[in-house]
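Observations on the three-dimensional arrangement
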Amino acid sequence: MRKIRGKGLVVSIKGILVFLSISLSFFITFNVQARITPEDIVQAKRAAYEKRVASYSAVHKQALIKLSEDIAAVNKKRTDQLDRIMEVQAAILDEYERRENGKDAENIKTARYWVTYAHEAVAYQAAKIYIFDLSSEGNIKSDANSTINLFQSELNSTRSKVIYSQKILQGVVGK
Amino acid sequence: MKGKKLLIFGLVIAAVLVTAVKIGTSNDEGLASPFAGQFLAAPTKIPTPTLIPTPTPIVFNQDSNLGEEAGKFAPEDFSEDFTGLKTEASNL
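Residues numbered from 1 in each chain as written. Chains lettered and ligands numbered in written order. Predicted model: local features only at pLDDT ≥ 70, side-chain atom pairs only at ≥ 80, totals over all residues. Heavy atoms only, no water.

**Some remarks on the overall build of chain A**
What counts, and what does not: Secondary structure is summarised from DSSP: a helix means a run of H or I of at least four residues, a strand means a run of E of at least two, and numbering begins at the N terminus for each. By definition in these notes, contact holds between two residues if any of their heavy atoms fall within 4.5 Å. For the accessible areas, the method is Shrake-Rupley and the probe is 1.4 Å, while residue cover comes only from the protein chains on display.
Scanning chain A from terminus to terminus reveals five helices and zero strands. Along its sequence from the N terminus, chain A presents helices and strands in the succession α-α-α-α-α. Within chain A, contacts between residues separated by at least 24 positions form 77% of all contacts whose residues are at least 6 apart in sequence. Carbon and sulfur atoms make up 59% of the accessible area of chain A, which totals about 10,600 Å².

**Some details on the environment of Phe82 of chain B**
Our working rule: Burial status follows relative accessibility: with a 1.4 Å probe on protein chains alone, a residue under 20% of its type maximum counts as buried, one over 50% as exposed, and anything between as partly exposed.
For Phe82 of chain B, the position within the fold is in helix α3 (residues 79-90). Residue classification places Phe82 of chain B among the buried residues on the basis of a relative accessible area of 2%. If we ignore the near neighbours within four places in the chain, the residues touching Phe82 of chain B are Phe151, Gln152, Leu155 and Asn156 of chain A.

**Here's the deal with the packing of aromatic side chains**
Rules: Side-chain rings of Phe, Tyr and Trp (the six-membered ring for Trp) are treated as a pair once their centres are within 6.5 Å; stacked means planes under 30 degrees apart, edge-to-face means over 60, and tilted covers the remaining angles.
Under the counting rule described, the total for this entry stands at seven aromatic pairs over all chains. Considering the side-chain rings of Tyr113 of chain A and Tyr117 of chain A, the 6.1 Å spacing of their centres and the 25 degrees angle between planes classify their relative orientation as stacked. Of the two residues, Tyr113 of chain A and Tyr117 of chain A are both situated in helix α4 (residues 105-126); the distance of four residues between them amounts to about one turn of the helix. By relative accessible area, Tyr113 of chain A is classed as partly exposed at 45%. Arranged with centres 5.6 Å apart and planes meeting at 75 degrees, the rings of Phe151 of chain A and Phe82 of chain B form a pair that is edge-to-face. Highlighted residues: Phe151 of chain A in helix α5 (residues 140-173) and Phe82 of chain B in helix α3, drawn from two different chains.

**As for the packing of α4 of chain A against α5 of chain A**
Residues and elements named next belong to chain A. We count it as follows: What counts as an axis is a line fitted to C-alpha atoms, over the stretch in contact for a helix, and the angles between N-to-C directions run from 0 to 180 degrees. The scheme is simple: roughly parallel for angles under 35 degrees, roughly antiparallel for over 145, roughly perpendicular for 65 to 115, oblique for anything else. Left-handed is the label given to a crossing in which the near helix is rotated counterclockwise from the far helix by less than a right angle, and right-handed is the label when the rotation is clockwise. Each residue gets one label: Ala, Val, Leu, Ile, Met, Phe, Trp, Tyr, Cys and Pro are nonpolar, Asp, Glu, Lys and Arg are charged, and the others, such as Gly, are polar.
The geometry of α4 relative to α5 is characterised by a closest axis approach of 9 Å and an angle of 160 degrees between their N-to-C directions. Relative to α5, α4 is oriented roughly antiparallel. The two elements α4 and α5 cross, and the hand of that crossing is left-handed. Each of Asn107, Ile108, Ala111, Trp114, Val115, Tyr117, Ala118, Ala121, Val122 and Gln125 in α4 lies in contact with α5, whose residues at this interface are Phe151, Glu154, Leu155, Thr158, Lys161, Val162, Tyr164, Ser165, Ile168 and Val172. In the contact of α4 with α5, the residues fall into 14 nonpolar, four polar and two charged.

**Let's talk about helix α2 (residues 38-53) of chain A**
All names here are of chain A. The test is simple: Each helix should span, by expectation, one fewer than its residue count multiplied by 1.5 Å. The arc in question is formed by the directions pointing from the helix axis toward the C-beta atoms.
For α2, spanning 16 residues, the distance from its first C-alpha to its last is 23 Å, which sits close to the expected 22 Å at 1.5 Å a residue. Where α2 is concerned, the buried positions are Val42, Tyr49 and Val53. Buried residues of α2 fall within an arc of 25 degrees about the axis and therefore sit on the same side. Its buried side turned inward, α2 meets α3 (58-100).

**Quick notes on the nonpolar core**
Worth spelling out the cut-off: We define a nonpolar core as any set of buried Ala, Val, Leu, Ile, Met, Phe, Trp, Tyr and Cys residues linked to one another through side-chain atoms lying within 4.5 Å.
By size, the foremost hydrophobic cluster in this structure holds 43 residues, and its most contacted members are Leu64 and Leu67 of chain A. A total of 12 residues in this core trace back to one element, the largest contributor, which is α3 of chain A. When near neighbours in sequence (up to four residues on either side) are disregarded, Leu67 of chain A contacts Phe132, Ala144 and Ile148 of chain A together with Leu85, Glu88, Ala89 and Leu92 of chain B.

**Section: the side chain of Thr147 of chain A**
When you line up the elements, Thr147 of chain A lands in helix α5. Look past the residues within four positions of Thr147 of chain A in its chain and what remains in contact with it is Tyr130, Ile131, Phe132 and Asp133 of chain A.

**Concerning the environment of Asn61 of chain B**
Mapping Asn61 of chain B onto the fold places it in the loop between α1 (2-24) and α2 (66-72). Setting aside its immediate chain neighbours within four residues, Asn61 of chain B contacts Glu95 and Arg99 of chain A.

**Some remarks on the pattern of salt bridges**
How we decide: One side-chain nitrogen of Lys or Arg within 4 Å of one carboxyl oxygen of Asp or Glu is enough to make a salt bridge.
In the structure shown here, the tally under the stated rule is 13 salt bridges over all chains. In this structure, Arg112 of chain A engages Asp94 of chain A in a salt bridge whose closest nitrogen and oxygen atoms are separated by 2.8 Å. Of this pair, Arg112 of chain A sits in helix α4 while Asp94 of chain A is found in helix α3, placing the two residues 18 residues apart along the sequence. Note that Lys72 of chain B is salt-bridged to Glu69 of chain B, the shortest N-O span being 3.2 Å.

In structure tokens, the structure reads:
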């Protein structure tokens, strides 16, 4: 190995340390950026909401709380119903598979996929939390309606998935 | 001189590879479902259930028509719920 003398040795070690420091800083930065969780997003939305609503009148604050609770209650009621329907669909498919005893495997697999897909969609919808995206107290009605429209669109989308899986299932077991 | 350059180059490559591996493995959730990549809005408070009711078991007779059974359990219409919520919003 060639001897590295005096100044050259110091410069080399400095160079290596600089490269290592730069690489390490990238590593730490990327690691932190990859850690935003769904809970972080909900908490950020909630913090923004609390900041806005702090300046609203007591009547409006209370009304928003009530509306938020009502949205959550409707979401729970309807997703519980849809969940029960999905359990029945899964049970019907299991019974069909038992009766077929190894036959019609492809169609059973297809139906199983869509039943699972719809069931997951119901679970996903049940876990959602709707937080008002407030602009100003003067726009409270349109802000509330925006959130309700979003909720309506998402819940109806979930309902459509349940109906679709029902159609697939009827097509398979109703032959 | 050539040796020093090679050493520095090797260190840089190693650092880049380590960073890439760490980024690639930083999210361990790896959902296989169709909803992978979409965020679930996790509740901040999870209530502890005091009693979990046993669901009614779903039983079929050997003679039951599964096609008919599948058609019975259609989701209800949700329109009334949304009408109620929108009426409440209009009273704000």
